[in-house]
Protein chains: 2
Amino acid sequence: MNRMLTSCGLLITALLLGFQTLAQTPPRQPTPNDTLKSPKVLTDNRVAIQLYAPKASEVTVVGDFMTVMKPLNLTKDANGVWSVTVGPLKPDYYTYTLTVDGVRTMDPKNPVIKQGMSSLENVMALPGAETVFQDNRPVPHGELRQVWYQSSTLGMARRMHVYTPPGYEKGTTKYPVFYLLHGGGDDDSGWPTVGRAGFILDNLLAAGQAKPMIVVMPNGSMPLPPSSGMPNPAAMQQMRALFADELLKEIMPYVEKTYRTQPNRENRAIAGLSMGGFQTLDVTLTRPELFNYVGVFSSGFFGATIDEAETKYARALNDPGFNKNKKLFWIEIGKDDFVMDANKKTMALLDKHQIKYQYKETAGGHTWTNWRQYLNEYVPLLFR
Amino acid sequence: MNRMLTSCGLLITALLLGFQTLAQTPPRQPTPNDTLKSPKVLTDNRVAIQLYAPKASEVTVVGDFMTVMKPLNLTKDANGVWSVTVGPLKPDYYTYTLTVDGVRTMDPKNPVIKQGMSSLENVMALPGAETVFQDNRPVPHGELRQVWYQSSTLGMARRMHVYTPPGYEKGTTKYPVFYLLHGGGDDDSGWPTVGRAGFILDNLLAAGQAKPMIVVMPNGSMPLPPSSGMPNPAAMQQMRALFADELLKEIMPYVEKTYRTQPNRENRAIAGLSMGGFQTLDVTLTRPELFNYVGVFSSGFFGATIDEAETKYARALNDPGFNKNKKLFWIEIGKDDFVMDANKKTMALLDKHQIKYQYKETAGGHTWTNWRQYLNEYVPLLFR
C-alpha cells in the first residue's frame with residue numbers, strides 16, 4: 001500500500017503545489033532520479049535498493065536482512081544511479097540505512113521509516129505468505145492510542161501507546177492487560193510501528209487465536225544524568241530502578257484507573273525484548289505477585305548484573321511459591337543472538353533456584369523479524 | 001525534551017548494545033561527528049544546522065523558516081563539519097531538509113521528523129513565549145488515536161487520527177465533532193505531528209478557551225489512477241469527488257457510529273489547509289446543511305476549478321438560506337501565500353452571491369507556522 005499511497009501523494013502534491021514549483025523554480029532537465037524506485041521488489045523475493053547520487057564516491061547499506069551487520073557496497077551505473085540487489089529474502093518487513101560518503105542517509109525514495117530515540121531507519125515491505133500474520137488485513141482493527149501522562153517519578157511528561165481491541169469503544173467489558181516493552185534505543189513507538197503489534201493483535205483476534213486484551217506499550221528508555229557516562233553497572237542499576245518505579249507507580253496505576261481493566265495478577269501479562277526483557281526480569285523478580293504471564297525475548301542479565309542478580313532477587317528466587325504464581329514464564333531467543341551468553345547464564349540462575357520456565361530457541365539473531373514472530377507466539381498463550 | 005530523550009536514547013543504546021558494537025566492529029578514531037549537535041540553538045534565537053560530511057562538495061538546506069524557499073549553502077570547516085547559522089528566528093517549530101551533493105538527506109543528528117506521503121523533513125524546536133500555545137505542557141492531555149477503517153468508497157483500508165478530549169475515556173458526555181483536513185502531500189499524521197493539533201487543543205481546553213470536542217483528522221490524499229497523470233482539471237474533479245464521498249459516506253458515519261458525538265449541524269465543524277481548504281469548500285458548498293462552522297486556511301479555487309465553481313455550486317451559492325445556516329465561515333491566509341490569487345477569486349465569487357464570511361490576512365506564506373496559529377484562533381470560535 002505504501003508504494004501506491006506514495007504515488008498518490010506525489011500526484012496530489014503536483015496537483016496542488018504544481019504551479020508553485022512552476023512559478024518559483026526554473027525548468028530543469030529530467031534526471032534518472034525522477035522515475036527511480038527504491039526499494040524495488042524483484043522476482044524471487046530479491047529487492048533492489050537504489051539511490052541517485054552521481055557525485056558520491058561510496059554508497060553502502062546495512063539492514064536487518066543481513067545475518068552479519070556488515071555494510072554492503074552499492075555500485076554506480078553510467079547514469080549516476082547506485083544500486084545493490086539483496087535476497088532472495090524471506091517475505092517480511094526489514095529495516096535498512098544508507099550511508100553516502102560517510103553520511104547516514106534515509107532513502108529519499110522511501111518515506112517509510114522506523115523512529116528510534118536517536119536515529120531513523122528505512123523500512124521495506126516484502127509481502128508474502130509469511131507476512132500474513134502481521135499484515136494490515138481487512139479484519140476488525142483495534143485502536144492505537146498515543147497517551148501523554150505526567151510522571152512524578154521522572155518529573156516529566158511521558159508518552160505511551162495503548163492498544164484497545166476491536167469493540168472496546170462501544171462495549172462495557174473489562175479486559176486483561178499486557179505490558180509490552182521495547183528494546184534499547186527505541187521508544188514507545190517501536191512496537192506499534194516496526195513491531196506491527198496492532199496488526200498482529202488484530203489478526204490473532206480475528207482468527208479467534210487470542211483473548212481480547214489491552215496492550216500497553218510504555219516508553220522504557222529512562223532519562224539518565226549525562227554524568228553517568230558510558231556503560232557501567234551503576235548506570236544500569238539506576239536505569240533499572242527508574243523503570244520499575246515508572247511502571248509500578250505511574251503506568252500501571254494510570255492504566256488501571258483510566259481503562260476498563262481486570263486489575264489482578266490473573267489478568268496481567270508482561271513481556272519485553274532485549275532491554276525490555278531485562279526490565280521484565282527485574283520487575284518480575286522484584287514483584288513476583290503482580291504478573292501471571294511473563295515473556296523474555298532475546299535478553300537476560302548481562303555484564304555486572306548477572307553477578308548481583310542472585311543477591312538482588314534472593315527473595316523471589318528462593319520463594320517456593322514463585323512457580324505456582326506463574327501460569328507462563330516464557331523465554332525465547334535466536335540461536336545467533338549476541339546476548340545468547342547472557343540468556344544462558346540467566347536460565348542457569350533460574351535453574352539453580354528451581355524457577356520453572358519454557359524455553360524456545362529459534363533461528364536468527366537480535367532482530368525485529370524474530371520479535372514480531374515471538375509476539376505472535378506469546379499472545380495466544382495469555383489469559384487462558 | 002527531544003534533545004534530552006535523544007541523549008538518553010544514545011546512552012541506553014550504548015548501555016545495552018554497546019558490547020555488540022565492541023564485539024563486532026574494530027575500534028576506530030573518534031571523529032568530530034561523535035560530539036556534533038544539530039540543530040544547535042544558539043543565543044538570540046539563532047540556530048546552527050550542522051553536518052559532518054568531509055567528502056561532500058556541496059551541502060544545502062531548505063526550510064520553512066525561509067521567506068523564499070531558496071537552498072542555503074552550508075560551509076565546511078577544517079574538520080569536515082558543514083554548518084550554517086539561521087535566524088534570529090521567531091520561536092516556533094520549523095521543518096528543514098539537507099541536500100548533500102544532490103542527495104536529499106535527513107539530518108543524522110536529528111531524529112525528529114515530519115512524515116509526508118512521499119518524503120520526510122526534519123523538525124526543529126525553537127522554544128519561547130511564542131510557542132507556549134503549542135508546547136507539550138503539564139495540562140490534562142487528550143488521546144490521539146490511530147483508527148483503521150475499511151472504505152467501501154475507495155475499496156481499501158484507510159487510516160485517520162481521532163483526538164478525544166481529556167476525560168473522554170471515563171465520561172458519558174456526547175461531544176461536538178471537528179473535521180480537520182491536511183494539505184497536499186501530507187496524510188492524516190500531518191496535523192497530529194507537525195501541526196501539533198493535540199497539544200494546541202489540550203492547551204486551549206486547559207485555559208477554558210475552547211469547548212471540549214472530538215477532532216477527526218482523516219487522510220485526505222485520495223488514490224488516483226496513475227493514468228490521470230499530471231495536474232489537469234479532470235484529475236482535480238475526480239479527487240474532489242472522491243474525498244467528498246469518503247468524508248460523507250465513510251468517515252462521518254463511522255465517527256458518529258463509533259464515538260460519543262452530537263450528530264447534528266450545530267455540533268459539526270470542518271476546516272482544512274491548502275488542499276484541505278479546497279476540500280472544505282467543496283464539501284460545504286455541496287452539502288451546506290451539514291456544517292455550521294467552516295474554516296478555509298491558505299486555500300481557494302484555483303486553475304480550472306474557479307471557472308466551474310459557479311456552475312457546480314449554483315444551488316448553494318444562490319440559496320438565500322445559506323448564511324443563516326453558517327454560524328462561522330472563516331477564511332484566513334498569509335499575505336505572501338502563493339495561493340493568494342485563488343483565495344481572492346474565491347472570495348469574489350462568494351461576494352457576488354452575498355455569501356457571508358470572515359476574512360483574516362496574516363503575515364507569512366504557505367507554512368505550518370501559520371496553520372498552527374490559524375488552528376489556535378479557529379478552535380475557540382467553535383460550538384458557541
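Residues numbered from 1 in each chain as written. Chains lettered and ligands numbered in written order. Predicted model: local features only at pLDDT ≥ 70, side-chain atom pairs only at ≥ 80, totals over all residues. Heavy atoms only, no water.

The name given to chain A in an unreviewed UniProt entry is Esterase, and the organism recorded there is Larkinella humicola.

### Focus on the overall build of chain A
As a reminder, the rule being used: Helix and strand assignments follow DSSP, with helices taken as H or I runs no shorter than four residues and strands as E runs no shorter than two, numbered in order from the N terminus. Categorising residues by exposure relies on relative accessible area from a 1.4 Å probe, with only protein chains included: less than 20% of the type maximum marks a residue as buried, more than 50% marks it as exposed, and the intermediate range marks it as partly exposed. Any two residues whose heavy atoms approach within 4.5 Å at even a single point are treated as in contact.
Check the secondary structure of chain A and you find eight helices and 18 strands. Taking all 384 residues of chain A together, the buried fraction comes to 60%. Sequence separation of 24 or more characterises 73% of the internal contacts of chain A that already satisfy a separation of 6 or more.

### Description of the side chain of Asn 110 of chain B
Residues and elements named next belong to chain B. To keep things clear, this is the line we draw: In protein, a polar contact requires one atom able to donate a hydrogen and another able to accept it; more generally it is a pair of N or O atoms within 3.5 Å, and residues adjacent in sequence count only if both atoms are side-chain atoms.
For Asn 110, the position within the fold is in the loop between β8 (103-105) and β9 (113-115). Residue classification places Asn 110 among the buried positions, given a relative accessible area of 5%. Of the polar contacts made by the side chain of Asn 110, one reaches the backbone oxygen of Val 123; its length is 2.9 Å. If sequence neighbours within four positions are ignored, Asn 110 has contacts with Ser 38, Pro 39, Tyr 96, Asn 122 and Val 123.

### Examining the UniProt feature "domain: Glycoside hydrolase family 13 N-terminal" (unreviewed entry) in chain A
Inclusion rule: UniProt positions are given in the numbering used here, feature names are shortened, and annotations may be inferred rather than shown by experiment.
In the numbering used here, UniProt assigns the "domain: Glycoside hydrolase family 13 N-terminal" (unreviewed entry) feature to residues 44-101 of chain A. A helix fraction of 0% and a strand fraction of 52% characterise residues 44-101 of chain A, whose end C-alpha atoms lie 31 Å from each other.

### Regarding helix α2 (residues 197-206) of chain A
In terms of burial, α2 of chain A is a largely internal element, nine of the ten residues being buried. Tucked into the core, α2 of chain A has its buried residues touching β12 (156-164), β13 (177-181), β14 (214-218) and α8 (368-378) of chain A together with β11 (143-151) of chain B. After α2 of chain A finishes, the residue Gly 208 of chain A shows a positive phi value of roughly 65°.

### A few points about the pairing of strand β17 (residues 328-334) of chain B
Residues and elements named next belong to chain B. Which entries qualify depends on this criterion: Each pair of strands is called paired provided DSSP finds at least two bridges between the two strands.
Burial runs high along β17: seven of the seven residues are buried. Where burial is concerned, the two faces of β17 agree: the one with Leu 328, Trp 330, Glu 332 and Gly 334 and the one with Phe 329, Ile 331 and Ile 333 are both buried. Judged from the five bridges that link them, strand β16 (residues 293-297) and β17 form a sheet pairing that is parallel. Within the sheet, the bridge partner assigned to Gly 295 lies in β17 and is Trp 330.

### A short note on the domain arrangement of chain A
Residues and elements named next belong to chain A. What counts, and what does not: Where each domain begins and ends follows an automated or database-derived domain assignment. As a working definition, buried area equals the accessible area (1.4 Å probe) given up by two parts on being put together, with both sides summed. Only one rule defines a salt bridge in this text: a Lys or Arg side-chain nitrogen within 4 Å of an Asp or Glu carboxyl oxygen.
On domain assignment, one finds that chain A holds domain 1 (33-128) and domain 2 (132-381). For domain 1 and domain 2, the distance between their C-alpha centroids amounts to 31 Å. Domain 1 puts twelve residues into the contact, and the matching count from domain 2 is 16 residues. With both chains or domains summed, domain 1 and domain 2 bury close to 1100 Å², and 47% of this area falls on carbon and sulfur atoms. The largest share of the area that domain 1 buries against domain 2 comes from Tyr 93, Lys 114 and Met 117, three residues that together contribute 50% of it. The interface formed by domain 1 and domain 2 holds two salt bridges in total.

### Description of helix α5 (residues 305-312) of chain A
Residue and element names in this part refer to chain A. To keep things clear, this is the line we draw: This arc is built from the directions going out from the helix axis to the C-beta atoms.
Buried within α5 are the following residues: Thr 305, Ile 306, Glu 308 and Ala 309. Buried residues of α5 fall within an arc of 160° about the axis and therefore sit on the same side. Turned more than 90 degrees from where α5 packs its buried face, Asp 307 and Thr 311 sit exposed.

### Concerning the packing of α2 of chain A against α8 of chain A
All names here are of chain A. This is how it is decided: Note on geometry: axes are C-alpha line fits, over the in-contact stretch for helices, and angles between N-to-C directions span 0 to 180 degrees. Crossing chirality is assigned from the near helix's rotation relative to the far helix, an anticlockwise turn below a right angle marking it left-handed and a clockwise turn marking it right-handed. Residue polarity is assigned by list, with Asp, Glu, Lys and Arg as charged and Ala, Val, Leu, Ile, Met, Phe, Trp, Tyr, Cys and Pro as nonpolar; anything else, Gly included, falls into the polar class.
The geometry of α2 relative to α8 is characterised by a closest axis approach of 10 Å and an angle of 35° between their N-to-C directions. When you trace α2 past α8, the crossing you get is right-handed. Every residue of α8 that contacts α2 at Ala 197, Ile 200 and Leu 204 is listed here: Arg 372, Leu 375 and Asn 376. Here the contact of α2 with α8 is composed, by residue class, of four nonpolar, one polar and one charged.

### Let's talk about the environment of Val 68 of chain A
Mapped onto the elements of the fold, Val 68 of chain A is located in the loop between β3 (59-63) and β4 (72-73). On a C-alpha basis, the gap between Val 68 of chain A and Glu 121 of chain A in space is 17 Å, while along the polypeptide they are 53 residues apart.

### Notes on the environment of Pro 140 of chain A
Here Pro 140 of chain A is to be found in the loop between β10 (120-126) and β11 (143-151). Not counting residues within four places of it along the chain, the set of residues in contact with Pro 140 of chain A comprises Pro 166 and Asp 202 of chain A.

### Some points on the sheet that holds strand β6 (residues 81-86) of chain B
Strand order across the open sheet formed by four strands is β1-β2-β6-β5 (chain B), with antiparallel pairing between neighbours. On the outer flanks of this sheet lie β1 (40-41) and β5 (75-76) of chain B, each paired with one strand and no other.

### Focus: the packing of aromatic side chains
Residue and element names in this part refer to chain B. Spelled out, the test is: Here a pair means two rings of Phe, Tyr or Trp (six-membered ring of Trp) with centres within 6.5 Å. Their orientation is stacked below 30 degrees between planes, edge-to-face above 60, and tilted elsewhere.
As enumerated under the stated definition, the model contains 30 aromatic pairs over all chains in all. An angle of 80° between the planes, with centres 6.2 Å apart, marks the rings of Phe 65 and Tyr 94 as edge-to-face. Taken as a pair, Phe 65 in the loop between β3 (59-63) and β4 (72-73) and Tyr 94 in strand β7 (residues 92-100) lie far apart in primary sequence, 29 residues in all. Accessibility classification places Phe 65 together with Tyr 94 in one group, the buried group. Aromatic side chains Tyr 179 and Phe 291 sit 6.2 Å apart centroid to centroid with 85° between the ring planes, which places their arrangement in the edge-to-face category.

### Considering unusual backbone geometry
Residue Pro 88 of chain A is bonded to the preceding Gly 87 of chain A through a cis peptide linkage, with omega at 5°. Tracing the chain through its elements places Pro 88 of chain A in the loop between β6 (81-86) and β7 (92-100). Geometrically, the link from Ser 38 of chain B to Pro 39 of chain B is a cis peptide bond, its omega value of -10° lying close to zero. Take Pro 39 of chain B: it is sitting in the loop between α1 (2-24) and β1. We note that Asp 101 of chain B has phi near 45°; this positive angle belongs to a residue other than glycine. Summarising the element assignment, Asp 101 of chain B is placed in the loop between β7 and β8. Note on Asp 101 of chain B: relative accessible area 7%, which makes it buried. Phi at Arg 196 of chain B is positive, roughly 50°, even though this residue is not glycine.

### Looking at the pairing of β3 of chain B
In summary, the side chains of a regular strand alternate between the two faces of the sheet. Residue and element names in this part refer to chain B. The element β3 is extensively covered by neighbouring structure, given that four of its five residues are classed as buried. Where β3 lies against β7, five bridges are found, and the strand directions are antiparallel. Across the sheet, Val 61 pairs through a bridge with Leu 98, a residue of β7. By the bridge criterion, two bridges tie β3 to β4 in an arrangement that is antiparallel. Bridge pairing in β4 places Thr 60 opposite Asn 73.

### Concerning the sheet that holds strand β5 (residues 75-76) of chain A
Residue and element names in this part refer to chain A. Judged by pairing direction, the sheet is antiparallel, and its four strands sit side by side in the order β1-β2-β6-β5 without closing on themselves. Strand pairing shows two members of the sheet lacking a second neighbour, β1 (40-41) and β5, which therefore form its edges. Of the pairings in the sheet, the one linking strand β2 (residues 47-52) to β6 comprises six bridges and is antiparallel in character. Across the sheet, Ile 49 pairs through a bridge with Val 84, a residue of β6.

### Side note on the side chain of Thr 95 of chain A
Residue and element names in this part refer to chain A. Along the chain, the position of Thr 95 falls in strand β7. Thr 95 sits in the buried class, given a relative accessible area of 4%. A distance of 3.5 Å separates polar atoms of two side chains, one belonging to Thr 95 and the other to Glu 121. Ignoring anything within four residues of it in the chain, the contact list for Thr 95 reads Val 62, Gly 63, Asp 64, Phe 65, Lys 114, Glu 121, Asn 122, Val 123 and Val 194.

### Thoughts on the environment of Thr 31 of chain B
With respect to the helices and strands, Thr 31 of chain B occurs in the loop between α1 and β1. Along the chain, Thr 31 of chain B and Val 379 of chain B lie 348 residues apart, while their C-alpha atoms are 49 Å from each other.

### A word on the confidence of the model for chain A
To keep it simple, the criterion reads: Each residue carries a pLDDT score, the predictor's confidence in it, ranging from 0 to 100.
Per-residue confidence for chain A gives a mean pLDDT of 90, with 89% of residues at or over 70. For this predicted complex, the interface score ipTM comes out at 0.92, alongside a pTM of 0.93.

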